[in-house]
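Residues per chain are reported as follows:
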Amino acid sequence: AADPGPACYRRGGPLTVTDANLMVGKLASDHFPALFGPDGDAPLDVEATRLLFAELADEIGDGRAPEAVADGFIAIAVENMAQAIKTISIQRGYDPADYALACFGGAGGQHACGVADALGMDRVVIHPHASLLSAYGMGLADIRAHRQKAVGAPLGSAGLNDAIAVLDTLAGEAQAELAAQGVAPQRVTELRGLHMRYDGSDTTLLVPWGAEAEIRDAFADAHNRRFGFLFEGRALYIEAASVEAVGAAGVIAEPVLESGPPRAVVPHLDTTRFFSQGAWHEAPIVARDDIRPGERVKGPALVIEPHSTVVVEPGWRAGRHQRGSLILERATARPARKAIGTGADPALLEIFNNLFMGVAEQMGATLEKTAHSVNIKERLDFSCAVFDAGGGLVANAPHMPVHLGSMGESVRSVVRAGPPLRPGAVRALNAPYNGGTHLPDVTVVAPFFDPAGTEVLFYVAARGHHADIGGISPGSMPPDSTDIAQEGVLIDNFTLVADGRFREAELRDLLASGPWPARNPDQNVADLQAQVAACATGIAALGGMVGQYGLPVVRAYMGHVQDNAEESVRQVVGRLTDGAFAVPLDNGATIRVAVRVDRAARAATVDFTGTSAQLPSNFNAPSAVCRAAVLYVFRCLVDADIPMNEGCLKPIDIVIPEGSMLAPRPPAAVVAGNVETSQAVVDALFGALNALAASQGTMNNLTFGDARRQYYETICGGAGAGPDFDGADAVQTHMTNSRLTDVEVLENRFPVVLERFAIRRFSGGRGRRKGGDGVVRRIRFLAPMQAAILSNRRRTVPFGLMGGGDAAPGATRIVRADGAVETLAACASAELRAGDAIEVETPGGGGFGPPECPPE
């Protein structure tokens with residue numbers, strides 16, 4: 001047994017889901033294996049579990065019974081499991097409702113019906129050894145040898161000939177490996193496949209080896225199933241070939257059960273009752289071995305096995321296959337919606353938190369798999385979220401904080417600007433002074449209408465950082481822009497989809513407009529189509545939620561989750577004290593903030609008065625970006641798993657002086673405000689609250705490209721230390737949450753070589769708690785490129801807090817092919833020739849508290 005395990009295991013453990021199942025009667029203690037307790041074999045401690053749930057019910061204090069509290073925890077666990085299955089399935093292009101649920105694990109059978117209902121599945125299969133499948137599977141596993149090698153050729157006769165030669169070589173190696181393990185040749189099956197991709201894409205799909213036409217058809221089927229679309233006329237590329245040699249293991253014969261005449265009533269060991277879906281149910285306890293093939297046990301019931309208990313919920317029935325597997329099937333139609341009230345229920349609040357976040361996660365999975373650019377597909381520089389009818393942020397996936405906190409303003413901008421949205425319409429914008437942040441971040445907004453198509457009930461939105469949107473430098477992150485027009489094409493409330501039609505011609509006209517048009521409109525179009533697909537996923541998921549729970553309930557809980565976030569932040573604010581802080585930037589500007597706390601009202605004012613005026617550079621941050629930073633900081637202070645939503649800011653009054661660098665006026669340049677100034681705002685706020693030393697304080701925005709190819713990345717660094725933890729090394733901090741492109745993809749798509757990527761040791765600040773270290777990253781160019789760095793903390797340093805040491809600043813250098821070294825300013829561009837390299841040293845994080853004195 002687990003140690004200490006659940007509270008009922010008699011080892012002083014905490015309440016767990018096992019205890020919840022025991023509390024509601026879904027575990028029958030008289031039919032549970034005895035525990036090896038301190039005094040020998042002992043049964044489950046039912047009274048300990050009941051006492052703890054009674055205490056928890058008293059703590060909640062709304063009059064619900066202990067079993068109702070336990071039932072709520074089970075419902076939360078079921079929804080969490082279902083959301084995980086749903087997200088993984090969507091990523092792979094499958095709808096769980098089209099399949100049966102395979103159940104395993106000792107506790108799996110207790111939740112199988114609930115998880116299946118949450119996924120819209122009508123059939124569950126539970127193997128006789130479901131609780132022991134890991135060990136059982138190892139005994140039955142085939143012996144496999146896998147080989148893979150790059151081919152790198154277009155699909156055609158020449159490419160197929162290259163692939164055949166590779167496959168033959170790999171097959172010989174794989175079969176030799178099995179022979180060395182004593183597998184006879186007649187027991188070996190050979191599986192040959194090709195890893196195919198569209199030319200210009202990085203995503204490969206494995207298809208079986210065959211004739212060219214068969215390969216094309218198989219790839220089209222796989223791509224359409226996974227991504228939902230095809231690229232007409234685009235060439236196919238053989239990335240690699242693979243062979244898997246499979247040596248069949250010995251087969252364990254499973255007995256075939258004798259059927260016998262089905263009985264009207266299956267004998268049962270005992271009777272019990274269990275609490276489920278808000279009510280008690282009388283239920284027989286049936287032994288699995290007592291069920292004959294062809295017989296059915298109608299739920300509610302418990303089916304007992306030597307190592308597990310299967311709960312047959314009301315509306316389900318259990319039967320037994322001739323090979324011994326237990327088959328659970330929906331016996332009655334699934335209710336169209338759950339009859340629950342619109343009042344705030346603690347268990348349902350947690351469920352809806354997860355449901356709303358699950359919608360955003362499903363949107364993100366769709367966007368990741370359908371996008372074209374490295375920036376969105378590989379670096380995950382995107383965000384998805386759900387909004388209420390007023391444009392208030394309800395829930396998000398854990399994407400980019402600088403996006404999520406500002407997207408609500410984008411949605412509200414679409415609502416304000418008009419004309420009114422109609423069903424089948426989707427809008428796009430990147431206008432920094434009308435709800436956007438900086439021009440590369442393009443937001444796509446779609447409405448969710450009532451069935452009549454007359455009222456917008458909710459909104460979904462997907463924001464992606466486009467690798468290029470025009471402007472004076474490739475990658476649209478110019479270090480020296482002084483006017484918004486120099487940063488790319490402005491998109492302001494553009495109708496991207498009208499009456500279900502993607503307006504590609506009009507979009508291309510827009511991308512080609514202005515003095516510096518987009519350099520790669522094909523890529524922009526593909527990524528925007530992916531963002532539209534993500535929004536369609538969100539609308540479908542919300543529709544399923546409304547169908548399951550009803551519109552009044554979904555609407556109510558959109559409000560409840562925001563109210564819960566507000567209360568969580570108020571509890572934190574009530575413990576804060578006043579504070580002020582100033583953070584200097586390398587360009588001479590200063591971010592100043594004062595936090596004034598009203599403990600009686602559990603509210604705070606965050607005042608940026610004294611911050612530098614609007615700048616002639618591009619470090620101006622639209623007020624939506626500043627607001628996003630404040631939202632992020634106060635959400636971080638909440639030690640609970642709640643969505644980052646609009647409610648977090650209800651206790652906070654934000655004062656931003658007009659005409660400052662945090663509320664600039666057009667046509668001020670803003671490209672660095674989103675990525676750099678936002679980091680300084682976060683550090684200033686954490687400093688004012690004495691909560692966290694400075695992070696690296698920059699995203700180290702590196703761009704390079706030419707007229708045909710553009711690339712952008714942010715580079716990780718050190719995290720600041722806190723009162724009881726060290727800062728992490730080599731991580732993306734605060735307002736960015738992207739990842740770096742895999743080196744294989746980087747070097748395949750661009751004429752570069754990644755020469756070095758390592759932790760920059762001793763760059764973090766010293767202290768009682770040490771700041772995290774930055775990194776060193778060097779990229780060598782194989783062709784001429786224009787490169788640019790947009791950064792901060794090259795002259796100023798990441799500060800330590802409460803006596804902690806400052807961290808090392810960053811540096812950017814060009815290492816020429818002849819060995820000459822040139823140091824670049826924090827914001828600079830350079831022409832790189834073949835053989836030149838660019839090297840970035842990122843800052844560390846500040847330390848917290850004075851270093852401890854060594855013993856004398």
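Scroll up a little and you will see the structure.
It should be emphasised that the depicted structure is a prediction, and the values quoted were computed from it without experimental measurement.

Draft legend 1. A look at the pairing of strand β18 (residues 426–429). Burial along β18 is two-sided: the residues V426 and A428 and R427 and L429 are all buried. Pairing analysis gives three bridges linking β18 to strand β21 (residues 494–498), with the strands arranged antiparallel. Bridge pairing links V426 to V497 in β21. When β18 meets strand β19 (residues 441–449), the two strands line up antiparallel, connected through three bridges. Within β19, the position partnered with L429 by the bridge is T443.

Draft legend 2. View of the sheet that holds strand β24 (residues 590–598). Here four strands make up an open sheet; going across it, the order is β23-β24-β25-β26 and the pairing mixed. In this open sheet, the two edge strands, each paired with only one partner strand, are β23 (579–584) and β26 (652–655). On average, each strand axis in the sheet is inclined to that of its neighbour by 15°, with strand direction left out of account. Summarising the sheet, β23 and β24 pair through six bridges and their orientation is antiparallel. Bridge assignment links F581 to a residue of β24, and that residue is V593. Set on the sheet, helix α13 (residues 551–573) makes contact with β24, β25 (603–607) and β26; between it and β25 the angle comes to about 80°.

Draft legend 3. Here's a closer look at the packing of aromatic side chains. Tallied over the entire structure, the rule returns 12 aromatic pairs. Each ring, one from F704 and one from Y711, has its centre 5.0 Å from the other, and the planes form 40°; the classification is tilted. Over the aromatic face of W280 sits the side chain of R273, whose NZ or CZ is 4.1 Å from the ring centroid.

Draft legend 4. Quick look at unusual backbone geometry. Following G299, the chain continues to P300 via a peptide bond in cis, the omega torsion being 10°. Residue position: P300 is located in the loop between β11 (296–298) and β12 (301–304). P666 connects to P667 through a cis peptide bond whose omega is 0°. When you line up the elements, P667 lands in the loop between β26 and α15 (671–688). Unusually for a residue other than glycine, F762 sits at a positive phi of about 65°. Positionally, F762 belongs in the loop between β29 (752–760) and β30 (774–781). With relative accessibility at 77%, the residue F762 sits in the exposed group.

Draft legend 5. Structural context of the side chain of E646. Relative to the elements of secondary structure, E646 occurs in the loop between α14 (623–636) and β26. Residues in contact with E646, not counting those within four places in the same chain, are G392, L393, R412, Q562 and R627.

Draft legend 6. Summary view of the nonpolar core. Grouped together as the largest cluster of nonpolar side chains are 75 residues, with contacts concentrated most on I591, F608, I652, L662 and L685. The element that contributes the greatest number of residues to this core is α15, accounting for 10 residues. Excluding residues within four positions of it along the chain, F608 makes contact with I591, R592, V593, C626, V630, I654, V655, I656, P657, L662, V681 and L685. Judged by nonpolar contacts, the second largest core, of 58 residues, contains L349, V394, A395 and A534.

Draft legend 7. Expanded view of helix α4 (residues 108–119). Helix length check: α4 (12 residues) gives 15 Å between terminal C-alpha atoms against 16 Å at 1.5 Å per residue, within 8%. Most of α4 is tucked away, with 11 of its 12 residues classed as buried. All of the buried residues along α4 are G108, G109, Q110, H111, A112, C113, V115, A116, D117, A118 and L119. Looking one or two residues beyond α4, the residue adopting positive phi is G120, at roughly 75°.

Draft legend 8. Local environment of the pairing of strand β35 (residues 837–841). Of all five residues that make up β35, five are buried, and the element is covered over most of its length. With five bridges connecting them, β30 and β35 associate as antiparallel partners. What sits directly across from V776, in β35, is E841. Summarising the sheet, strand β32 (residues 811–815) and β35 pair through five bridges and their orientation is antiparallel.

Draft legend 9. Geometry of the state of the cysteines. This structure, assessed with the given rule, holds zero disulfides. Among the cysteines around C8, which has no disulfide bond, C103 carries the closest sulfur, lying 19 Å off. The thiol of C535 is unpaired, and the distance to the nearest cysteine sulfur, on C384, comes to 7.1 Å. The class for C535 is buried, based on a relative accessible area of 1%.

Draft legend 10. Examining the environment of A467 more closely. Note on placement: A467 falls in the loop between β20 (456–465) and β21. For the pair formed by A467 and Q523, sequence separation is 56 residues and the distance between their alpha carbons is 8.4 Å. Apart from the residues within four sequence positions on either side, A467 is in contact with N375, G475, Q523 and Q710.

Draft legend 11. Quick look at the packing of helix α12 (residues 521–549) against α13. It is the contact of α12 with α13, at a shortest axis distance of 7 Å, that shows an interaxial angle of 115°. Along its contact with α12, which presents L542, M545, V546 and Y549, the element α13 presents L551, V553, V554 and M558. Here the contact of α12 with α13 is built from residues that sort into eight nonpolar, no polar and no charged.

Draft legend 12. Fine view of the pattern of salt bridges. Counted by the stated rule, this structure contains 51 salt bridges. Between R379 and D381 there is a salt bridge, with the nearest N and O atoms lying 3.3 Å from each other. Just as R379 is buried, D381 falls in that class too. A salt bridge links R777 to E713; the nearest nitrogen and oxygen atoms lie 2.7 Å apart. Residue R777 is located in strand β30, and its partner E713 is located in strand β28 (residues 710–713); the two are separated by 64 residues in the primary sequence. Neither residue differs from the other here; R777 and E713 are each classed as buried. Residues participating in the shared-partner salt-bridge network are E755, R760, R778, R780, R813, E839 and E841.

What counts, and where the lines are drawn
Within every chain, residues take consecutive numbers counted from 1 along the sequence as written. Totals for whole chains, interfaces and linings use all residues, but because this is a predicted model, local features are given only for residues with pLDDT of at least 70 and pairs of side-chain atoms are given and counted only at 80 or more. Heavy atoms from the whole structure form the basis of all side-chain values; hydrogens and water molecules are not counted. Type-normalised accessible area, obtained with a 1.4 Å probe on protein chains alone, sets the label of each residue: buried when under 20%, exposed when over 50%, and partly exposed for intermediate values. Labels follow the DSSP assignment, with helices taken as runs of H or I lasting at least four residues and strands as runs of E lasting at least two, numbered in each case from the N terminus. A pair of strands is considered paired only if DSSP assigns at least 2 bridges between the two. Between N-to-C directions, angles span 0 to 180 degrees; the directions come from axes that are lines fitted to C-alpha atoms, helices contributing only their stretch in contact. Contact definition: two residues touch when any of their heavy atoms are within 4.5 Å. Here the aromatic set is Phe, Tyr and Trp, taking the six-membered ring for Trp, and pairing holds for ring centres within 6.5 Å; pairs whose planes are under 30 degrees apart are stacked, those over 60 apart are edge-to-face, and all others are tilted. Placement of a charge over a ring requires the Lys NZ or Arg CZ to be within 6 Å of the ring centre, with the centre-to-atom vector within 35 degrees of the ring normal. Within this scheme, the nonpolar core is defined by two criteria: the residues are buried Ala, Val, Leu, Ile, Met, Phe, Trp, Tyr or Cys, and they are joined through side-chain atoms within 4.5 Å. To estimate the expected span of a helix, subtract one from its residue number and multiply by 1.5 Å. Note on disulfides: each one is a pair of cysteine sulfur atoms within 2.5 Å. The nonpolar class holds Ala, Val, Leu, Ile, Met, Phe, Trp, Tyr, Cys and Pro. Asp, Glu, Lys and Arg form the charged class, and all remaining residues, Gly among them, are polar. Any carboxyl oxygen of Asp or Glu within 4 Å of a side-chain nitrogen of Lys or Arg constitutes a salt bridge here.

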